[in-house]
Amino acid sequence: MAPPCREELNLMSRKELDLFIFVDALGWKQASARNFLVDLLPRRQPCETVFGYSSTCDPTILTGVMPDEHGHFSCFVKATDGASPFRKLGALSFLPQRLVGYHRVRHYASRALAKVLGYSGYFQLYGVPFGALPYLDYTEKLDIYEAGGILGGQEAIFRHWERSGKAWTRSDWRAGDDANIAAIRSELEKGDVELAYLFTAKPDALMHRHGTCGAEVDAGFGKLERDIRDLHHLAVKRYATVRFHVFSDHGMSDTIEVSDMMPRWQRELRGKYGRDYVAVWDSTMARFWFNDETCRSEAMDWLRAQAEGRIVSEEELRRWRCWFDDARYGEVFYLLPPGSLFAPSHMCQGYVAGMHGYEPEHEDCDACWLTNAESRMPTRLDGIFRVMLEACGEPSGRVVTATRLENALS
Ligand SMILES: [Zn+2]
């Protein structure tokens, strides 16, 4: 038999590639309505999200366990008495909310504060009033992509990839999509990495601003499709086998209803923030803790009388795996239906055209899983981890789970 020629040798040395592409807010509805990369990634299905926002979903994807195990839910929580890292910021509560709620002011203030507090995680003050901050704490203090970043102590997928001995790479979530795509492209060019995680966030920002349809959103999805096709084109030249997996954390609903419940609450309830109760108004849900029983019973009556949403039951929180015995994320949760949002809220001052963070079973909320590989098809976000684990050669039955959930708040 003749020895292999140079071309054959070159082919034999090529590796296999698994590229996992995270597309923030590419819901199943958007992926199927747009036929997003349907020819390239023909195996596709909805993937149920978890209750909450990216701060809940992303740790679930990275660890393969649900919120009641990894411990991440919303960003802001009630601080234990006197232990808020923001206790000195109350002195700034005289500043007008319109100024401190201004996006750029908040952005730079958040960056400066994260530096002072030594936070490496995704940190944003959003629109939380300075007067409320001394009663609050922040959960994602550490980078969840790095070792030790998960509150419950689980290892993110990248530690498993590291141990597998295969060459791997991942995006920097702080960088923009174009920079992250360029970085992955240069890695694929070399043909060395076998495992890669590409992080993209533009569709989320576009759909918050414009809703799920429209010229700007079409252009954004069109560009992303072209970028992923380019990566695929390059990968098939450099690798023997190319497996692309596109997935998301949640879907997106077009805003059809805006609730002014937060200012109404402040006008109509007699309780005093900080003394009688603490509340966090996320975009689509409000969470409450009570120090005073009269305030609690008045508040419960008031909440039940409001038409725009509903109180979430313990049974639902348990079913969604977001129940915490110590009520760290709230004693009472009030949730809006898909398409509604609080404006103002602690997250933003005004209207946005698209939002997520509703009951996870609703079809608007479904994330997606699109692939060209014969790998398992995850039906819920935590299943994505298992595909990433098997890609590095570690069987999914051998997941290292944390011993117990620790309260890593200050
Ligand atoms: Zn979002």
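Look up a bit, the structure's there.
Only a predicted model underlies this, so the values are computations on that prediction, with no experimental measurement involved.

Our focus in this paragraph is the overall build of the protein. For the protein, the count of helices and strands is 14 helices and 16 strands. Counting over 410 residues, the protein shows a buried share of 54%. Contacts spanning at least 24 positions in sequence make up 76% of the contacts within the protein whose residues lie at least 6 apart. For the protein, the exposed area adds up to about 18100 Å²; of that, 52% sits on carbon and sulfur atoms.

Bringing the pattern of salt bridges into the picture now. Under the definition given, this model contains 33 salt bridges. Here Asp-68 ties to Arg-321 by a salt bridge, and the two come within 2.7 Å at their closest N and O atoms. In this pair, Asp-68 is assigned in helix H4 (residues 67-70) and Arg-321 in the loop between helix H13 (314-319) and strand S13 (332-335), connecting sequence segments 253 residues apart. The salt bridge partner of Asp-143 is Arg-174, with a shortest N-O separation of 3.6 Å. Highlighted residues: Asp-143 in the loop between strand S4 (136-138) and helix H7 (157-164) and Arg-174 in the loop between strand S5 (168-170) and helix H8 (177-190), separated in sequence by 31 residues. The buried category is assigned to Asp-143, whose relative accessible area is 6%. One salt-bridge network, in which partners are shared between bridges, spans Glu-16, Asp-18 and Arg-243.

On to H7. For H7, the complete set of buried residues consists of Ile-157, Phe-158, Arg-159, His-160 and Trp-161. The positive-phi residue at the C-terminal boundary of H7 is Gly-165, with phi of around 85 degrees.

In contact at an axis separation of 9 Å, H7 and helix H14 (residues 382-391) are set at 10 degrees when each is read in the N-to-C sense. Viewed along their axes, H7 and H14 adopt a mutual orientation that is roughly parallel. Packed against H7, whose contacting residues are Ile-157, His-160 and Trp-161, the element H14 presents Phe-385, Met-388 and Leu-389 at the interface.

The next thing to look at is the sheet that holds S5. Sheet strands pair by backbone hydrogen bonding; their relative direction is either parallel or antiparallel. The strand order S2-S16-S7-S1-S6-S5 describes an open sheet built from 6 strands, whose pairing is mixed. Strands at the two margins of the open sheet, each flanked by one partner only, are strand S2 (43-47) and S5. This sheet shows a mean twist of 15 degrees between the axes of neighbouring strands, independent of strand direction. Pairing of strand S1 (residues 16-23) with strand S6 (residues 195-200) involves 6 bridges; the strand directions are parallel. Paired with Leu-19 across the strands is Ala-196, a residue of S6.

Asp-204 (OD), Asp-204 (OD), His-208 (NE2) and His-356 (NE2) make up the full set of protein donors to the zinc ion, lying at 2.1 to 2.4 Å. In this structure, the zinc ion is surrounded by 4 donor atoms whose angles at the metal cover 55 to 150 degrees, and the resulting shape is irregular. As a motif over one chain, the donors of the zinc ion read D-x3-H-x147-H. Pair noted here: Asp-204 is in helix H9 (residues 202-210) and His-356 is in the loop between strand S15 (354-355) and strand S16 (367-371), with a separation of 152 residues, a long-range link.

This brings us to the nonpolar core. Core analysis: the biggest nonpolar cluster contains 51 residues, and Phe-51, Phe-76, Trp-265, Trp-281 and Phe-288 have the highest contact counts within it. Elements with a minimum of two residues in this core: strand S3 (76-78), helix H6 (103-117), S4, helix H11 (261-268), strand S10 (277-281), strand S11 (285-290), helix H12 (293-305) and S13. Non-local contacts of Phe-288, meaning those with residues more than four positions away in its chain, are made with Trp-265, Val-278, Ala-279, Trp-281, Leu-303, Gly-330, Glu-331, Val-332 and Tyr-334. Leu-17, Ala-31, Leu-188 and Ala-196 belong to the second-largest nonpolar core, a separate cluster that totals 32 residues.

Rules used in this analysis
- Residues numbered from 1 in each chain as written.
- Predicted model: local features only at pLDDT ≥ 70, side-chain atom pairs only at ≥ 80, totals over all residues.
- Heavy atoms only, no water.
- Helix = DSSP H or I, 4+ residues; strand = E, 2+ residues; numbered from the N terminus.
- Buried < 20%, exposed > 50% of the residue type's maximum accessible area, 1.4 Å probe, protein only.
- Contact = heavy atoms within 4.5 Å.
- Areas by Shrake-Rupley, 256 points an atom, 1.4 Å probe, with all protein chains shown as cover.
- Salt bridge = Lys/Arg side-chain N within 4 Å of Asp/Glu carboxyl O.
- Axes fitted to C-alpha atoms, helices over the stretch in contact; angles between N-to-C directions.
- Parallel < 35°, antiparallel > 145°, perpendicular 65-115°, else oblique.
- Pairing = 2+ DSSP bridges.
- Donors = N, O, S within 2.8 Å, 3.2 Å for Na, K, Ca; no water.
- Tetrahedral: all angles 85-135°; square planar, octahedral: opposite > 155°, others 65-115°.
- Core = buried A, V, L, I, M, F, W, Y, C linked by side-chain atoms within 4.5 Å.

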